[in-house]
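Observations on chain architecture
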Amino acid sequence: MTMVLRDLGTQVHGPVVKKKSCSKVLVEYETLMEDEASRKSLREELELVQLKPSLPAEDRDSYQLNEEVDAYYNDGWWEGVITEVGDDEYIVFFRRTSNQIAFKASQLRLHREWYNGEWVSPFGLPETGSEVN
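Read on for a plain summary of the structure. (Residues numbered from 1 in each chain as written. Predicted model: local features only at pLDDT ≥ 70, side-chain atom pairs only at ≥ 80, totals over all residues. Heavy atoms only, no water.)

1. Quick word on the nonpolar core
We count it as follows: For this analysis, a nonpolar core means a set of buried residues of the types Ala, Val, Leu, Ile, Met, Phe, Trp, Tyr and Cys, connected via side-chain atoms within 4.5 Å. For every residue, the accessible area (1.4 Å probe, protein chains only) is compared with the maximum for its type, and the residue is labelled buried under 20%, exposed over 50%, or partly exposed between those bounds. Counting from the N terminus, the helices are DSSP H or I runs at least four residues long and the strands are E runs at least two residues long. Whether two residues touch is decided by their heavy atoms; if any such pair falls within 4.5 Å, the residues are in contact.
One finds Tyr63, Val69, Ala71, Trp78, Ile82, Tyr90, Val92, Phe94, Phe103, Ala105, Leu108 and Leu110 forming the largest nonpolar core, which totals 12 residues. At three residues, strand β9 (residues 90-94) tops the list of elements feeding residues into this core. Those residues in contact with Phe103, other than ones at most four positions away along the chain, are Ala71, Tyr72, Tyr73, Asp88, Glu89, Tyr90, Val92, Phe94 and Leu108. Counting seven residues, the second-largest nonpolar core is a separate cluster that includes Val12, Val25, Leu46 and Leu51.

Okay, here's the thing in structure tokens:
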């Protein structure tokens, strides 16, 4: 399965259904529909650089305050940070939209960035402007 990086930090899944050129493919999303009344999956032509392999499965049942997470919301994964921890829910703040929403642990995963051909924790990335020897 392929993960597509979309606008506003969302990630959605869908297989490549057709190669359009050496740099473009047609993807059919698993959870996005052509419109709200449709049952037909949305298809979109994308640049290859927008495609990444799916994240490895995660088996976590708890998260901590200030952890960077992706929350499954509105048919995709959105990047956020945990701002409150309750008994059975987590409040996640989304920087790009300034919204806060409550989620169960099953709707969260640790946030990862695609770097040097692999998914890594944002804390494992080199700092911008730092020298690498």
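2. Some remarks on the environment of Glu89
Of note, Glu89 is situated in the loop between β8 (76-85) and β9. In sequence terms Glu89 and Ala105 are 16 residues apart; their C-alpha atoms lie 6.7 Å from each other.

3. Focus: the packing of aromatic side chains
Rule in force here: A pair of aromatic rings is counted whenever rings of Phe, Tyr or Trp (Trp by its six-membered ring) have centres within 6.5 Å, and the orientation is called stacked for planes under 30 degrees apart, edge-to-face for over 60 and tilted otherwise.
Counting across every chain of the model gives five aromatic pairs. Here the aromatic rings of Tyr72 and Trp77 are separated by 5.2 Å at their centres, their planes lie at 65°, and the arrangement is edge-to-face. Look at Trp77 and you get buried, because its relative accessible area is 13%. Ring centres of Tyr73 and Phe103 lie 6.2 Å apart, and the angle between their planes is 90°; this geometry places the pair in the edge-to-face category. Separated by 30 residues along the polypeptide, Tyr73 in strand β7 (residues 68-73) and Phe103 in strand β10 (residues 99-103) bring together distant segments of the chain. An aromatic cluster of three or more residues is present, and its members are Tyr73, Phe94 and Phe103.

4. Notes on the side chain of Gln11
Here is the rule: N or O atoms within 3.5 Å of each other form a polar contact, as long as, within protein, one can give a hydrogen and the other can take it, and as long as residues adjacent in sequence are counted only when both atoms are side-chain atoms.
Examined against the element boundaries, Gln11 turns out to sit in strand β2 (residues 10-13). Residue Gln11 is classed as buried on the basis of its relative accessible area, which comes to 5%. Reaching out from Gln11, the side chain makes a polar contact with the side chain of Arg109 at a distance of 2.4 Å.

5. Focus: the sheet that holds strand β3 (residues 16-19)
How we decide: Strand pairing is defined by DSSP finding a minimum of two bridges between the two strands. Axes, fitted as lines to C-alpha atoms, cover a helix only where it is in contact. Angles between the N-to-C directions of the axes lie from 0 to 180 degrees.
The strand order across the open sheet built from three strands is β3-β4-β5, with neighbouring strands paired in antiparallel fashion. Each end of this open sheet is capped by a strand with a single partner; those strands are β3 and β5 (41-47). Averaged over neighbouring strand pairs, the angle between their axes works out to 25° when direction is ignored. Sheet topology places strand β4 (residues 24-33) next to β5; six bridges connect them, and they run antiparallel. Its bridge partner lying in β5, Leu26 is registered against Glu45.

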